[in-house]
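The chain contents come next:
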Amino acid sequence: MISLLGKTEAELIEFAARLGEAAFRGRQIYQWIYARRALDFDQMTELSKPLREKLNQSATITETTIERVFYSADGTRRYLLRLGDGREAEAVFMPEDRRDTICISCQVGCAVGCKFCMTAQLGVKRNMTAGEIISQVVIVLNEVYGEGSETPHGTNLVFMGMGESFLNYQEVMQSIRVMADQKGLSISPKRVTVSTSGIVPRIYEFANEVVRPHLAISLSSTNEEQRNDLMPINRKYTLAELMKACREYPLDERERLTFEYVMLAEVNDSDEDARRLVRLLNGIRAKVNLIPHNPAPELPYKASPIERILAFQKILTDKDVPAFIRRPRGQDISAACGQLAARQQAQA
Ligand code: SAH
Ligand code: SF4
């Protein structure tokens, strides 16, 4: 059965034509799916009953369903989703004062194997399709705001759930292009952030994209040896190559490249580490997000104490490197950064 979510307007017009329907029917279906976030053909009341029946027999809108929702005391929601083939994926909703954020997955599991990340422990099961990636956004928006209703201030979207975006490059970029369409979901690429552990060739490719969201680099270490250990991707694409790609990255006016740095107690959080980070970022219009490590029983690290994180931050800001401390969200429901492992239970 084919899934329509993920298809462009042109593709839906073609789909309608194959059913013997005029182009405007394809456009109507497109409107219902993306602008009104309908997930059921029977909601499409402008379509005749026989056509709706034909649609029900030949296609589905999405096969993704909600398995469970976990609600955190801080307002964060974790969505355990079931994909068409029975695999599980996760998305997280975070309410914010100015604009809510949805964190989505792009792969089932992850192959990169970072030692501080729970997703790594799953290995990679498979890539998600553009349609599956988009289904997370539609399902979360409908669950939070009500089916088809307006989102209060638009939404920020971050590819920081399960998976490495740049190891599923085509589907991730396709999903971003489809979501950007102003006639549809209308999620501006300006509000989208893609995060990568450092797949260097894809950074160069991404730099040349016409529809290009914001880029974040997960750094978490300032020297080759330690990064080889913490993030094995470094053995394939070294820190030196990664930083070269970052220096050559064509930032828009006023844009900054974001660097994420997970703070692991007594591993990468010393004053010396902070000073090395300043030197490494020299010449790059950068912004640093310090992420307190979110621990899990299966992970070998402890979170840096807040005084250490503050001291580290001060070394950066004193040298004019903007640095922010990421507030942990949804820890009580295993929804925080690096905690996603498709768990049926919440285990803080
Ligand atoms: N695979 C992508 C995006 C998903 S991870 C990437 O690695 O960039 C999103 C962020 O969470 C990354 O910056 C990652 O370094 C961080 N992270 C992973 N495990 C974490 C943990 N246990 N605690 C805090 N942050 C973690
Ligand atoms: Fe994969 Fe990102 Fe986790 Fe590393 S931190 S294992 S790249 S999801």
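Residues numbered from 1 in each chain as written. Chains lettered and ligands numbered in written order. Predicted model: local features only at pLDDT ≥ 70, side-chain atom pairs only at ≥ 80, totals over all residues. Heavy atoms only, no water.

Engineer: I tried to follow the sheet that holds strand β12 (residues 257–263) on my own but got confused; where do I start?
Structural biologist: By way of backbone hydrogen bonds, the strands of a sheet pair with one another, either parallel or antiparallel. Strand order in the open sheet formed by 10 strands is β3-β4-β5-β6-β9-β10-β11-β12-β13-β14, and the pairing between neighbours is mixed. Single-partner strands in this sheet number two, and they are β3 (65–71) and β14 (323–325). Taken pair by pair, the neighbouring strands of this sheet meet at an average axis angle of 20°, ignoring direction. Bridge count for strand β4 (residues 77–82) against strand β5 (residues 88–94) is 6 bridges, and the pairing is antiparallel. Residue L80 lies in a different strand from β5, and its bridge partner there is E90. Docked against the sheet, helix α4 (residues 130–145) engages β3, β4, β5, β6 (101–103) and β9 (156–159), running at close to 130° with respect to β4. (Pairing = 2+ DSSP bridges. Helix = DSSP H or I, 4+ residues; strand = E, 2+ residues; numbered from the N terminus. Axes fitted to C-alpha atoms, helices over the stretch in contact; angles between N-to-C directions. Contact = heavy atoms within 4.5 Å.)

Engineer: Mind showing me how you'd approach the site of ligand 2 here?
Structural biologist: Around ligand 2 sit C110, V112, G113, C114, C117, A120, G163, E164 and S197, and those are all the residues in its vicinity. Within the shell around ligand 2, the residues separate by chemical class into 5 nonpolar, 3 polar and 1 charged. (Near = heavy atom within 4 Å. Nonpolar A, V, L, I, M, F, W, Y, C, P; charged D, E, K, R; others polar.)

Engineer: How should I be thinking about the domain arrangement of the chain in this particular structure?
Structural biologist: When the parts of a complex come together, some accessible area is lost, and that lost area is often taken as the interface size. By the assigned domains, the chain splits into domain 1 (2–60) and domain 2 (65–346). Across the contact, 13 residues belong to domain 1 and 18 residues belong to domain 2. Regarding the contact of domain 1 and domain 2, the summed buried area is about 1300 Å², with carbon and sulfur atoms giving 55% of it. It is L5, Y34 and R37 in domain 1 that bury the most area against domain 2; as a group they hold 49% of the surface buried on that side. Linking domain 1 with domain 2 are 1 salt bridge, by the criterion used here. Between E9 and K183 there is a salt bridge, with the nearest N and O atoms lying 3.2 Å from each other. For the interface between domain 1 and domain 2, the tally reads 7 residue pairs in polar contact (both at pLDDT 80 or more). A total of 4 residues in the side of domain 1 that touches domain 2 trace back to one element, the largest contributor, which is helix α2 (residues 23–35). Each residue belonging to the side of domain 1 that touches domain 2 can be placed in one class, and the counts come to 5 nonpolar, 4 polar and 4 charged. (Domains from an automatic or database assignment. Buried area = accessible area lost by both parts, 1.4 Å probe. Salt bridge = Lys/Arg side-chain N within 4 Å of Asp/Glu carboxyl O. Polar contact = N/O pair within 3.5 Å; in protein donor to acceptor, adjacent residues only side chain to side chain.)

Engineer: Looking at this structure, I do not really get the nonpolar core. What am I missing?
Structural biologist: In a soluble, globular protein the nonpolar side chains are often hidden away together inside. I33, Y34, F116, F159, F259, V288 and L316 are the most contacted members of the largest nonpolar core, which has 96 residues in total. Residues from two domains meet in this core; each of domain 1 (2–60) and domain 2 (65–346) gives at least three. Residues contacting V288, with those up to four places away along its chain left out, are F259, Y261, L277, L281, L316, V321, P322, A323 and F324. Of all hydrophobic cores here, the second largest spans 11 residues; its members include F70, M94, I333 and A342. (Core = buried A, V, L, I, M, F, W, Y, C linked by side-chain atoms within 4.5 Å. Buried < 20%, exposed > 50% of the residue type's maximum accessible area, 1.4 Å probe, protein only.)

Engineer: Can you walk me through the packing of aromatic side chains in this structure?
Structural biologist: Within a pair of aromatic rings, the relevant descriptors are the distance that separates the centres and the angle that separates the planes. In total, this model carries 5 aromatic pairs according to the counting rule given. Both rings, one in F166 and one in F206, keep their centres 5.2 Å apart while their planes meet at 50°; by these two values the pair is tilted. Here F206 lies in helix α6 (residues 200–207) and F166 lies in the loop between β9 and α5 (169–180), a separation of 40 residues in the sequence. Judged by its relative accessible area of 2%, F166 is buried. Judged by relative accessible area, F206 falls into the buried class, the value being 0%. Among the aromatic side chains, those forming a connected cluster through ring pairs are F166, Y169 and F206. (Phe/Tyr/Trp six-rings, centres within 6.5 Å; stacked < 30°, edge-to-face > 60°.)

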